[in-house]
Amino acid sequence: MADETKKTPKLDELEKGPWPSFVKEIKQARKVNTMCDDLLGQLETSYEEKKGHWKHGGIVGVMGYGGGVIGRYSDMPEKFPKVAHFHTMRVNQPAGWFYTSKALRTLCDIWDRHGSGLTNMHGSTGDIVFLGTKTDELEPCFAELTKEGFDLGGSGSVMRTPSACVGQARCEWACYDTMKLCYDLTQTYQDELHRPAFPYKFKFKCAGCPNDCVASIARSDMSIIGTWKDSIQQDDAAVAEYAKKGMDIQKDVCDNCPTKCMSWDGKKLTIENHECVRCMHCINVMPKALRPGKERGATILIGAKAPIIQGAMLSSVLIPFVPAAELLDTIKELTSRIWDFWSEYGKNRERIGELIQRVGMANFLDAIGLDPVPEMVSAPRDNPYIYFKKEE
Amino acid sequence: MADETKKTPKLDELEKGPWPSFVKEIKQARKVNTMCDDLLGQLETSYEEKKGHWKHGGIVGVMGYGGGVIGRYSDMPEKFPKVAHFHTMRVNQPAGWFYTSKALRTLCDIWDRHGSGLTNMHGSTGDIVFLGTKTDELEPCFAELTKEGFDLGGSGSVMRTPSACVGQARCEWACYDTMKLCYDLTQTYQDELHRPAFPYKFKFKCAGCPNDCVASIARSDMSIIGTWKDSIQQDDAAVAEYAKKGMDIQKDVCDNCPTKCMSWDGKKLTIENHECVRCMHCINVMPKALRPGKERGATILIGAKAPIIQGAMLSSVLIPFVPAAELLDTIKELTSRIWDFWSEYGKNRERIGELIQRVGMANFLDAIGLDPVPEMVSAPRDNPYIYFKKEE
Amino acid sequence: MAAEPVKRITDIGPPHYEKFLHPMVKKNYGMWKYHESLAPGVLCHVAESGDKLFTVRAGSPRLLSTATIRMFADLAEKYCGGYLRFTSRNNVEFLLDNQANIEPLKKDLQAAGFPVGGTNNAISNIVHTQGWVHCHSSATDASGIVKCVMDALYDRFTHENLPAKLRIALACCLNMCGAVHCSDISILGVHRRPPQINKDLLPKVCEIPTLISSCPTGAIRSATYEGKPSVEVVEEQCMYCANCYTVCPAMPLNDPENDGISIWVGGKVSNARSAPKFSKLAIPFIPNEPPRWPGVVDAVVNIVEVYAKHAHKYERMGDWIERIGWPRFFELTGIPFTRYHIDDFRFAGTTFARSTHIRF
Amino acid sequence: MAAEPVKRITDIGPPHYEKFLHPMVKKNYGMWKYHESLAPGVLCHVAESGDKLFTVRAGSPRLLSTATIRMFADLAEKYCGGYLRFTSRNNVEFLLDNQANIEPLKKDLQAAGFPVGGTNNAISNIVHTQGWVHCHSSATDASGIVKCVMDALYDRFTHENLPAKLRIALACCLNMCGAVHCSDISILGVHRRPPQINKDLLPKVCEIPTLISSCPTGAIRSATYEGKPSVEVVEEQCMYCANCYTVCPAMPLNDPENDGISIWVGGKVSNARSAPKFSKLAIPFIPNEPPRWPGVVDAVVNIVEVYAKHAHKYERMGDWIERIGWPRFFELTGIPFTRYHIDDFRFAGTTFARSTHIRF
Ligand code: SRM
Ligand code: SRM
Ligand code: SRM
Ligand code: SRM
Ligand code: SF4
Ligand code: SF4
Ligand code: SF4
Ligand code: SF4
Ligand code: SF4
Ligand code: SF4
Ligand code: SF4
Ligand code: SF4
């Protein structure tokens, strides 16, 4: 056993220092799983040569699914045969990443039986990432997972695993039930999640308020971000208490309001709610005194993505406000129209945000049957290149 | 005479109302010049038919010049023979648009002899526009003009007539001598002004301070805008006087400062000049108390233009600060490098601003031998598509 | 005709400006200390030397007959030693060293029909272009619209009662010869139909490669017509900019029923407080309605009045709109928001609302 | 291998989250009233009902062995009925109903080497990606750099003493699998050499039209190689994004001496105060320096410390930089400004400084 253990002088350096060490994790896994020894060996080689040693992925997966597994092969299989195959399985996380210790143990047991014993908790999209196994372990592992109530997440040109902030489970600011919406969308689109039928990937992320704790506006093709329509709920006594405890309401709260719609006369805080843009700052700073209004729902935004090809995008406003009770139905209807349009007009590997920029937002709105509203833009056009329609 | 006079019921409507009427002007000119009668007739036709009746310009001009005249022909020459030809001559204005009554009378006399008797005082670029004459009047008119010390301005693919704000002639804020620079540039580039040799037009405008009273940042390929490097000159007594007279220094001055670098304690105004971006607001509001600093010069910006083809542009910073004394030499050297680059790489009808966007600012800077500085950008790039150079 | 060949004078440039400077200007050149506003249209510049120069500014239609210019010369001689100038917005300014002459000059100007004003927070003259008076390219008139709008805004020229400066400009086509793209309110002539190709004329007067490359959207394709090289326009790709017409007379776009006017708002040039910025689309289309252009006049007056009522002191149109947000601007002015307001050119992606900052 | 065919279960989706909720969470779901911060890494959420839920957050390397996950399970059972969760930044959170358990839990966590913190104005965990541990595409490692940077910023995780939240993310290539484009500080792997075309492999594994259209800058052209269709890369047009490699394994870009890391700053996601924004380039290139990555660590620590010293309370990195201006940012951090900082992609024109607002 001792003989088999690769020497990793470079990686050993990464066991030093106070932050928990991933090298320690791999070494720990090596105790039960020899794959990890070759992983360490290959990684040490990368650290020596300053380059990766994985080959471009091949198509592997479980029967009937087109996604959920990332094929991965070593480019030094002779030297590191145990990671000749080293595929990951993306396991769909429970909404909000809540677990019982029992559920975690179940997952660990399955993965120790069928894979490297290494995971990412979690991947950037939100999945439980089972990090490294062989092709012929995929199907048995999948069978055990489903038996225990787990299923795979997305990869490839599918709807990707939706994710949600902790929302109403633990956050007082959630303007709609993010975890429920996330779960409902995941269940509604099981087919779209597992069987690639789109031009490219499509991501949903559900954030309960404009703080956006799942970074939905930066990372999801459709971002659902909670907000409210009426006035901020205000508890004057609690405001006074913050002031008494030493908060400088003028400086800390009012001066940081982006619309300067708050005023403080030393006793009473007044919010011109008509001017409030729901940025959350004042609420963040005084959670005991201020709360989102009672007429709650979400803003639906479209099109965020990473840079490739047309440059990174943030999502942009599509529907300024949908009441919480209508969210699921509205999104389902909207999504089906968007997917139809995208499937018809989207080029291969063209995200929805890129397609909208290519065809023009107005044409996109026409196609999905939404009326233009000024909330969709930061400003109207400044160039006079207007495609007037003939009929008008 | 009365018979010859065209009926203009539509245009007559434009003699009503308090604002001075251009129709009255044309009618006044008609008293001495019959061209104007046909002009009124054709214009009335336009007003009836809701469309212009001028033909696309042809190439006409004075001997040896490629610019300064805009050829213009009526598309109804049978009906309005006197405006069959109706060319304009662009006469280079004196810097700052200063005149003596004598000079104006001289111009009027010349134009009454050789043209319609109608002018624009002035054209949008700044020229004196002599509005409407026949081809064979061009040369005699030019001869009389030059005899009196006037010359033509630009048109076509030339350096266009430079212009300048009133500057040090009457404005206390001028940070350099705009009229002198404008005059010097005009004289330096007489050849480039009269003989088209560029891919397209090139405009200089000289503004004495960031108020930019000649709209140089919006309308000139090279914008020279006065500024200062040291601290705002401050007269505390005068500040106090403004306060006493009822100015709300906090609200009117400090709160409008874009960098919030001013503070007012009810007695003393303090400016953190290190943070000042020289926007002019505080100086504009309290001209008796605040003045630009003493270390004066200008920011040189590049690339403004109207929309066609790549969309309108504002000029962008090329050299953050050039001392007033070095302005002319710096601009001459810079311009020659810019024109060389533009002449070599500019496409037909491509303005310098468009060329810079096409080849990239960094490549442009390389070509003209300027080092990049962060003042040139509102923010560094946000996309990772960096063309790294091989040598580095 | 066959006269003696005279030696031609060329390349002399304009006369040196010093020749035309008022003696007080010459004396105090570069040594002005501060200025005061005495009344709308009347400024007083005080020099370090203590000298005081008075300026009286009068509105002008810009299109001036020599007769009117001579009348200005008369007034200048009567009141200020013959010294006067024009401004970058085409107003005329009389430069006086004698304060007592201000009122008589104003009276004479007003009697001649030339209003005094345009300074400070007044609406100054409308920067504009040629229109049907002289340009082949115009989608609308220039001078006529300016006249009607300024008639309606006359009191805003003679009074300084707006929150800040308000600059209006007009251009009669997308070439934008007035600095229309950076004005508080812009009036812009627009076409709405693709060029009508004159196929017989085309090969005679146009260079086809230049023509094809002139189109910002690539709507022009090469084609053949009666065996000869020609072009065709893909109509859905044409946004009527008329650049093809600029380079080729055989591509006119004029169309009385479809040409008209668009209104843009919120641009500025000065660096005061906020950075310069472009005007943005407010009203995509108003038909051409000569001779009094009621649609444009009403639209401009409405925007001016809503601005005057709601903006804070020192707030330019664009700064005001940015503070209240565009949705509120459309609400307050009653202008409908349409598909045309959403940008779809090069930088369109930068104009989408990429935050949840929304007012309800 | 030849076993009885079992009925396969598919398309069941994830387990319903309700199964995993702490009873107190279930009871007060949607009825939380406010929260308080008890200490770095320790939150207390108070429900309308008066119930109090305590959260203890611990840092995690994200790459976890099943052994460590079981250790978390042990702790959860010991202190909070087995209820725990992970956060969107890969920390682990223990959910307690008994305040008395907080300290013992913290002790156990610390003993096991897992720091408690990451809340409020601390630096939380670094969102990151696979690197050399698992991805074929990486220009640098991920976990190793994160480890070294967090070692250096350890005290910033366990203390809440920054002006505002500071979010760091890392992605090992331009695909940016971490939300690197909107982080206060982003660490991004970059290539600096064009793809090395494996001409023999190419026709076998790649679709040429897809390959050509994959290039954002059109640098890939069709060509022939030994009589067969192939491609060539116009090197000056290549900006090393590796998108060609993503669609075609025969176009690798890896190059030990030229791959490395770039640093980006000032992005954010939340709508608090200012709108979400992209990170902007701070340092174009730092070489790969395994195993302890000193260049990257120093660069990040320097930026953090300058920010900590100069930013106002509540000011995120990007808001601070916008207030002081980019020139000042480069001055204060000592980072050189280079040609690479000036954008030259699609929207480059919108990033030029189009005003005279300059600090000297
Ligand atoms: C595992 C994960 C990184 C991680 O360590 O967490 C990951 C890993 C890969 N991503 Fe990703 N992406 C992961 C989240 C993301 C995210 C973040 C998110 O989803 O919130 C993004 C940015 C958001 C977005 O979608 O734009 C992201 C943007 C990309 C892109 C660029 C997509 C684009 O439109 O620009 C690619 C390239 C591609 O799709 O070909 C990509 C491709 C890949 C591939 C499949 C590599 C490839 O070229 O085929 C990587 C496989 C690595 C491996 O060997 O395991 N990955 N990828 C994340 C998925 C785990 C999970 O399911 O939870
Ligand atoms: C006379 C004048 C308008 C006026 O009434 O004041 C004018 C009139 C014309 N301009 Fe202009 N431009 C005039 C100032 C401008 C300005 C303003 C400025 O210079 O400050 C601009 C915008 C700034 C700029 O240069 O971008 C301007 C941008 C254009 C353009 C678009 C250029 C572009 O790059 O986008 C064209 C089209 C062209 O050059 O082919 C154009 C073309 C034209 C032509 C020559 C029409 C044509 O297509 O050939 C017009 C002749 C009208 C006529 O019949 O007299 N004119 N033109 C101005 C010149 C008078 C003078 O010399 O003082
Ligand atoms: C005479 C003129 C310069 C010239 O060479 O002709 C001029 C002269 C003065 N300008 Fe101007 N500006 C002149 C066109 C402009 C322009 C250009 C334009 O309108 O096309 C601008 C930029 C406008 C824009 O931003 O869109 C301009 C932006 C300013 C500003 C900044 C205003 C602001 O708050 O944005 C000031 C400062 C102020 O008024 O507080 C200013 C101030 C001044 C002062 C007070 C400067 C001084 O101390 O003498 C002058 C009297 C102004 C007045 O009208 O109240 N001047 N000024 C121009 C008169 C035009 C006219 O007839 O109305
Ligand atoms: C647990 C978590 C949600 C989840 O479902 O996992 C969460 C939970 C909370 N967030 Fe968050 N945020 C979480 C990721 C985020 C993210 C996403 C990210 O970092 O990728 C953001 C956007 C970051 C950005 O803008 O780049 C985020 C932006 C905020 C903000 C806005 C901060 C700002 O000023 O910009 C607040 C309000 C505040 O802290 O004042 C907030 C506030 C909160 C509160 C106080 C909400 C509440 O009342 O419960 C929670 C405790 C926060 C804390 O850490 O101090 N949360 N929060 C995430 C913890 C991540 C971690 O382990 O560190
Ligand atoms: S996004 Fe809003 S609702 Fe969701 S966890 Fe963050 S603060 Fe709470
Ligand atoms: S939520 Fe934001 S915009 Fe609204 S009042 Fe509070 S600080 Fe101001
Ligand atoms: S630009 Fe400045 S210097 Fe020139 S006239 Fe205007 S305010 Fe005076
Ligand atoms: S010039 Fe502008 S930035 Fe400078 S102190 Fe005055 S108001 Fe502030
Ligand atoms: S704006 Fe257009 S129509 Fe008007 S003068 Fe200029 S080129 Fe002619
Ligand atoms: S009008 Fe403009 S868009 Fe239309 S064909 Fe001509 S150049 Fe192209
Ligand atoms: S960022 Fe690039 S290298 Fe890293 S995991 Fe994603 S695709 Fe792979
Ligand atoms: S690396 Fe990017 S830019 Fe270079 S050839 Fe490949 S796709 Fe094109």
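Because the structure is a prediction, the values reported are computed rather than measured.

A few points about the overall build of chain A
When its secondary structure is counted, chain A shows 14 helices and 16 strands. Principal-axis analysis of the C-alpha atoms places the extent of chain A at approximately 75 × 65 × 40 Å. Counting the 392 residues in chain A, one finds 65% classified as buried. Put simply, of all contacts in chain A between residues at least 6 apart along the chain, 65% involve residues at least 24 apart. Entry remark: accessible area of chain A is about 13300 Å², with carbon and sulfur atoms responsible for 50%. Looking at chain A, you have 50 positive and 53 negative side-chain charges, and the mean spots of the two groups are 4 Å apart.

Looking at the coordination of the iron atom of ligand 1
Within the protein, just one atom coordinates the iron atom of ligand 1: Cys177 of chain D (SG), at a distance of 2.3 Å. By secondary structure assignment, the location of cysteine 177 of chain D is in the loop between strand E7 (168–171) and strand E8 (185–190).

Notes on the site of ligand 7
Taken together, the residues surrounding ligand 7 are Cys165, Val166, Cys171, Trp173, Ala174, Gly208, Cys209, Asn211, Asp212 and Cys213 of chain B. Looking at the shell around ligand 7, its residues break down into 7 nonpolar, 2 polar and 1 charged.

Remarks on the side chain of serine 65 of chain C
The residue serine 65 of chain C is located in strand E4 (residues 63–65) in this model. Classification of serine 65 of chain C by relative accessible area gives buried; the value is 1%.

Examining the interface of chain B and chain D
The parts lose accessible area when they come together, and the size of an interface is often stated as this lost area. Taken together, the 51 residues of chain B in the interface contact 48 residues of chain D. Interface of chain B and chain D: buried area, both sides summed, is about 4900 Å²; carbon and sulfur atoms make up 63% of it. For chain B, the biggest contributors to the area lost against chain D are Arg381, Tyr387 and Phe388 of chain B; these three give 18% of the whole. In this structure, the connection of chain B to chain D is made through 6 salt bridges. A salt bridge links aspartate 343 of chain D to arginine 381 of chain B; the shortest N-O distance between them is 3.8 Å. Counting every contact that joins chain B to chain D gives 21 residue pairs in polar contact (both at pLDDT 80 or more). Put simply, the parts of the chain that give the side of chain B that touches chain D at least two residues each are strand E10 (222–228), strand E15 (296–302), strand E16 (316–323), helix H13 (352–359) and helix H14 (361–368) of chain B. Sort the elements by how many residues they give to the side of chain B that touches chain D and H14 of chain B lands first, with 5 residues. For the side of chain B that touches chain D, a count of residues per class yields 30 nonpolar, 11 polar and 10 charged.

A word on helix H3 (residues 35–49) of chain A
Residues and elements named next belong to chain A. Helix length check: H3, at 15 residues, gives a terminal C-alpha distance of 21 Å against a target of 21 Å (1.5 Å per residue), a fit within 8%. Buried residues dominate H3, accounting for 13 of its 15 residues. Directly after H3, the chain includes lysine 50, whose backbone phi takes a positive value near 55°.

Regarding the packing of helix H4 (residues 101–114) of chain B against helix H2 (residues 66–80) of chain C
The relative placement of two packed helices comes down to the angle between their axes together with the axis-to-axis distance. Between H4 of chain B and H2 of chain C, the shortest axis-to-axis distance is 9 Å and the interhelical angle comes to 160°. One finds that H4 of chain B runs roughly antiparallel with respect to H2 of chain C. Between H4 of chain B and H2 of chain C lies a crossing of left-handed hand. Contacts between H4 of chain B and H2 of chain C pair Ser101, Lys102, Leu104, Arg105, Cys108, Asp109, Trp111 and Asp112 of chain B from the former with Thr66, Ile69, Arg70, Ala73, Asp74 and Glu77 of chain C from the latter. In terms of residue class, the contact of H4 of chain B with H2 of chain C is made up of 5 nonpolar, 2 polar and 7 charged.

Details of the sheet that holds strand E8 (residues 163–164) of chain A
Residue and element names in this part refer to chain A. The 5 strands lie next to each other as E8-E9-E10-E15-E16, forming an open sheet whose pairing is mixed. Since the sheet does not close on itself, it has two edges, and those belong to E8 and strand E16 (316–323), each with one partner. Direction of pairing for strand E9 (residues 204–207) relative to strand E10 (residues 222–228): parallel, over a ladder of 4 bridges. Counterpart to cysteine 206 in the pairing with E10 is isoleucine 224. Along the sheet face, helix H12 (residues 327–345) touches E9, E10, strand E15 (296–302) and E16 and points at about 150° away from the line of E16.

Observations concerning the interface of chain A and chain D
With 118 residues of chain A at the interface, the matching set in chain D holds 114 residues. With both sides pooled, the region where chain A packs onto chain D buries about 10100 Å², and carbon together with sulfur makes up 60% of that total. By the criterion of area lost to chain D, the three top residues of chain A are Trp19, His56 and Arg170 of chain A, representing 10% of everything that side buries. Counting the contacts that link chain A with chain D gives 11 salt bridges. Of the charged contacts in the structure, one is a salt bridge between lysine 288 of chain A and glutamate 36 of chain D, with a shortest N-O distance of 2.7 Å. Joining chain A to chain D, the criterion identifies 66 residue pairs in polar contact (both at pLDDT 80 or more). Examining the composition of the side of chain A that touches chain D, we find that 9 residues originate from one element, helix H4 (residues 101–114) of chain A, more than from any other.

Looking at the pattern of salt bridges
Overall, the coordinates contain 92 salt bridges over all chains when judged by the stated rule. The salt bridge partner of arginine 170 of chain B is glutamate 93 of chain C, with a shortest N-O separation of 2.7 Å. Of the two residues, arginine 170 of chain B is situated in the loop between strand E8 (163–164) and helix H6 (178–188) and glutamate 93 of chain C in strand E6 (residues 92–96); the pairing between them involves two chains. With respect to class, arginine 170 of chain B is no different from glutamate 93 of chain C; both count as buried. Residues glutamate 354 of chain B and lysine 305 of chain B are paired through a salt bridge, measuring 3.5 Å at the closest nitrogen-oxygen approach. With glutamate 354 of chain B in helix H13 and lysine 305 of chain B in the loop between E15 and E16, this pair connects stretches of sequence that are 49 residues apart. The same class applies to glutamate 354 of chain B as to lysine 305 of chain B, namely buried. Connected through shared salt-bridge partners, Lys6, Arg30, Asp37 and Asp38 of chain A make up one network.

A look at the confidence of the model for chain C
Mean pLDDT over chain C stands at 96; residues scoring 70 or higher make up 98%. Taken together, the chains of this predicted complex give a pTM of 0.97 and an interface ipTM of 0.97.

Description of the environment of alanine 197 of chain A
All names here are of chain A. For alanine 197, the position within the fold is in the loop between helix H7 (190–194) and E9. Given the relative accessible area of 60%, alanine 197 is considered exposed. Considered as a pair, alanine 197 and aspartate 212 are 15 residues apart in the sequence and their alpha carbons are 29 Å apart. Those residues within four positions of alanine 197 in sequence are excluded, and the remaining contacts are Ser157 and Ser343.

Criteria and cut-off values
Residues numbered from 1 in each chain as written. Chains lettered and ligands numbered in written order. Predicted model: local features only at pLDDT ≥ 70, side-chain atom pairs only at ≥ 80, totals over all residues. Heavy atoms only, no water. Helix = DSSP H or I, 4+ residues; strand = E, 2+ residues; numbered from the N terminus. Buried < 20%, exposed > 50% of the residue type's maximum accessible area, 1.4 Å probe, protein only. Contact = heavy atoms within 4.5 Å. Areas by Shrake-Rupley, 256 points an atom, 1.4 Å probe, with all protein chains shown as cover. Lys, Arg positive; Asp, Glu negative; His and termini not counted. Charge placed at Lys NZ, Arg CZ, Asp CG, Glu CD. Donors = N, O, S within 2.8 Å, 3.2 Å for Na, K, Ca; no water. Near = heavy atom within 4 Å. Nonpolar A, V, L, I, M, F, W, Y, C, P; charged D, E, K, R; others polar. Buried area = accessible area lost by both parts, 1.4 Å probe. Salt bridge = Lys/Arg side-chain N within 4 Å of Asp/Glu carboxyl O. Polar contact = N/O pair within 3.5 Å; in protein donor to acceptor, adjacent residues only side chain to side chain. Expected span 1.5 Å × (residues − 1). Axes fitted to C-alpha atoms, helices over the stretch in contact; angles between N-to-C directions. Parallel < 35°, antiparallel > 145°, perpendicular 65-115°, else oblique. Left-handed = near helix turned anticlockwise from the far one by under 90°. Pairing = 2+ DSSP bridges. pLDDT = per-residue confidence, 0-100.

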